[in-house]
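# Chains, contacts and geometry: an overview
Residue-level listing of the chains:
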Amino acid sequence: MPVESGSSAAARQAKQKRKSHSLSIRRTNSTEQDRPGLQRDLLEGQETKLPPSLRTNLLDLFGQIEREFENLYLENIELRREIESLNDRLAADGQTVEGADLAKGALKTKASHSTSQLSQKLKTTYKASTSKIVSSFKATTSRAVCQLVKEYVGHRDGIWDLSVARTQPVVLGTASADHTAMLWSIETGKCLLKYLGHQGSVNSIKFHPTEQMALTASGDQTAHIWRYLVQLPTPQPVADTVQTPCEDDLDFSDKDDADGEAEGPNDCPSVRVPTTTLRSHQGVVIAADWLVGGKQVVTASWDRAANLYDVETSELVHSLTGHDQELTHCCTHPNQRLVVTSSRDTTFRLWDFRDPSIHSVNVFQGHTDTVTSAVFTVGDNVVSGSDDRTVKVWDLKNMRSPIAAIRTDSAVNRISVSVNQKIIALPHDNRQVRLFDMSGVRLARLPRSNRQGHRRMVCCSAWCEDNTACNLFTCGFDRQAIGWNINIPALLQEK
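Residues numbered from 1 in each chain as written. Predicted model: local features only at pLDDT ≥ 70, side-chain atom pairs only at ≥ 80, totals over all residues. Heavy atoms only, no water.

On to the overall build of the chain. A count of helical and extended segments in the chain gives five helices and 30 strands. For the chain, the share of sequence-separated contacts (at least 6 apart) that also reach a separation of at least 24 residues comes to 53%. Here the chain has roughly 25800 Å² of accessible surface; of this, 49% comes from carbon and sulfur atoms. (Helix = DSSP H or I, 4+ residues; strand = E, 2+ residues; numbered from the N terminus. Contact = heavy atoms within 4.5 Å. Areas by Shrake-Rupley, 256 points an atom, 1.4 Å probe, with all protein chains shown as cover.)

Across all of its chains, the model carries zero disulfides by this definition. Unpaired in this structure, cysteine 330 has its nearest cysteine sulfur neighbour in cysteine 331, at a distance of 7.7 Å. (Disulfide = S-S within 2.5 Å.)

Residues of the chain with pLDDT of at least 70 account for 72%, and the chain-wide mean is 80. For residues 1-5, every residue scores under 50 in pLDDT, and the model assigns this stretch two contacts once sequence neighbours within four places are set aside. With pLDDT under 50 throughout, residues 248-264 is counted as low confidence; its partners more than four residues away or in other chains account for 35 contacts. (pLDDT = per-residue confidence, 0-100.)

For the rest of this paragraph, the subject is the pattern of salt bridges. Under the defined criterion, the tally for this structure stands at seven salt bridges. Here arginine 344 makes a salt bridge to glutamate 326, at a shortest N to O gap of 3.7 Å. Within this pair, whereas arginine 344 is found in the loop between strand 17 (338-343) and strand 18 (348-352), its partner glutamate 326 is found in the loop between strand 15 (316-321) and strand 16 (327-332), the two being separated by 18 residues in sequence. Judged by relative accessible area, which is 42%, arginine 344 ranks as partly exposed. With relative accessibility at 23%, the residue glutamate 326 sits in the partly exposed group. For lysine 397, the salt bridge identified is with aspartate 380, shortest N-O distance 3.8 Å. Here the residue lysine 397 occupies a position in the loop between strand 22 (390-395) and strand 23 (404-407), and aspartate 380 occupies one in the loop between strand 20 (371-376) and strand 21 (381-386), the gap between them amounting to 17 residues. (Salt bridge = Lys/Arg side-chain N within 4 Å of Asp/Glu carboxyl O. Buried < 20%, exposed > 50% of the residue type's maximum accessible area, 1.4 Å probe, protein only.)

Judged by how many residues are buried, strand 5 (residues 191-195) sits mostly within the fold: five of five residues are covered. Pairing between strand 4 (residues 181-185) and strand 5: four bridges, direction antiparallel. Opposite tryptophan 184, over in strand 5, you have cysteine 191 as the bridge partner. Taking the residues between adjacent antiparallel strands as the criterion, strand 4 and strand 5 are bridged by five residues, where glycine 189 takes a positive phi near 75°. As judged from the two bridges shared by strand 5 and strand 10 (residues 270-271), these two strands associate in the parallel manner. Of the residues in strand 10, the one forming a bridge with lysine 194 is serine 270. (Pairing = 2+ DSSP bridges.)

Before going further, it helps to spend a moment on the UniProt feature "repeat: WD" (unreviewed entry) in the chain. UniProt records the feature "repeat: WD" (unreviewed entry) for residues 152-194, 195-226, 278-319, 320-361 and 364-404 in the present numbering. Measuring from the first to the last C-alpha atom of residues 195-226 gives 9 Å, for a span that is 0% helix and 56% strand. (UniProt positions renumbered as here; feature names shortened; annotations may be inferred.)

We now examine the nonpolar core. With 25 residues, the main nonpolar core has Phe348, Phe376, Val382, Val383, Met399, Ile424 and Leu426 as its most contacted residues. When residues of this core are traced back to their parent elements, those giving at least two are strand 17, strand 18, strand 20, strand 21, strand 22, strand 23 and strand 25 (423-427). Ranked by residue count, the leading element in this core is strand 20, at four residues. Valine 383 has contacts with Ser373, Ala374, Val375, Thr377, Val391, Lys392, Val393, Ile415, Val417, Ile424 and Met438, leaving out every residue within four places of it along the chain. Ile159, Ile186, Ala462 and Cys475 belong to the second largest nonpolar core, which has 18 residues in total. (Core = buried A, V, L, I, M, F, W, Y, C linked by side-chain atoms within 4.5 Å.)

The subject of this paragraph is the packing of aromatic side chains. One pass over the full model with this rule turns up nine aromatic pairs. Taken together, a centroid distance of 6.4 Å and an interplanar angle of 65° make the contact between tryptophan 226 and tyrosine 228 edge-to-face. The burial state of tryptophan 226 is the same as that of tyrosine 228; both residues are buried. Their ring planes at 45° and their centres at 6.4 Å tell us that phenylalanine 364 and tryptophan 394 sit as a pair that is tilted. Of the two residues, phenylalanine 364 sits in strand 19 (residues 360-364) while tryptophan 394 sits in strand 22, which places them 30 residues apart along the sequence. (Phe/Tyr/Trp six-rings, centres within 6.5 Å; stacked < 30°, edge-to-face > 60°.)

We now examine a nonpolar patch on the surface. Together, Leu50, Leu54, Leu58, Leu61, Phe62, Ile65, Phe69 and Leu72 give the surface a local cluster of nonpolar side chains, amounting to about 750 Å² of exposed area. In this structure, leucine 50 sits in the loop between helix 2 (35-44) and helix 3 (52-91). (Patch = residues over 30% accessible without salt bridge, like charges linked within 9 Å, V, L, I, M, F, W, Y side chains within 5 Å.)

The next thing to look at is the sheet that holds strand 26 (residues 433-437). Taken in spatial order, the four strands of this open sheet run 24-25-26-27, and their pairing is antiparallel. Only two strands of the sheet have a single neighbouring strand rather than two, namely strand 24 (416-417) and strand 27 (442-445). Of the pairings in the sheet, the one linking strand 25 to strand 26 comprises five bridges and is antiparallel in character. Along strand 26, the bridge assignment pairs alanine 425 with leucine 435.

As structure tokens, then:
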């Protein structure tokens, strides 16, 4: 039996590849009458051990599959066109565009029927999802109003965290990557005190519930407790500011006005030595908080552990281990000895210290990405935020599944919940801050433009219930904190 040389075999394979390629191109544009001939040509050009009858059956089946895919492809093209047309019409506030009847078009068969059904579903979904918002904004008296009241500028790097003092005098505290923490007058925006005791980024700041003490966590692997004594300056008369509806999209711009080299306040008094230094962690201390009563504190670290300390003795009481990756946040319950820790392992854990003899832990896996924060409400709820762009509300009595879920378009950072109004403030990576109620209904979005608002990632939010001028504070990596006056009418919250 003759044997082909290597060159002739290679030439034959190349010829077969060209032939197969040309057949596949021709088949796309061929009519169904040409398919049997093409199939026979394909059979003749390929070597196989299959019986001819089986090969014919297989090719018939492949031909049917190909025709189905061609039909689906054509339907997909037409559906995309119809969806684009429908979106254009819906974007025009529901106005009908002349000559854009979806029943008319080139597609007269099954694709036309599917398109009309899909269009109707899109219309129904659009109307249902916007009905609450439209009805809420019909009356101007029920519209949420967000007013930028004060900007707190002085840090030389991004601000990670902020908090409001719970005792008199009520001051604003900020923690920055510039290795400092600052205390501010809420009314005047003036720096009252600067803490310089840390050797690394200050990642968190919390105030003692009854005394003039602050707790800060740092990248230098320590947490510091330090006392402060400040005197509030005389408030200056504030010029009337135009109130801005929260939902207005003002002139958005990427212009970084805040990148001007803002010099820190030179006349601000400083504290350099802490009252207590808490050491036990082997990594960055990312957050810290006071337990109810203020006699113990909890810290969260990148060493995958949270530590419980006694404030008076500085001794380590408990080391809370179990997370598989770095911790991102910790929070304590305002009225009970409960701690919640969040982590990059996509979980958050609830630690119960109400019984002094034992402490229990529950693990919750409600997110698909890093849990950036989990906080308690005054009631029996926990609210968790994540890099998976969701926020979930949980009931402490039954935490098998969330009672509300909020989906957003950007990663969520350190959230906060208003005690009085029960409003969740969500700071985002995309420079936005959105407000939701506990049932997951969006109430407002803080205005942002090239003239006001944050120009970098918003890292944290904090509510202040006792201040009538500023009741919400936000901070970000644009080196500034902002005080807002949020007015959410009761009518809008009910909706």
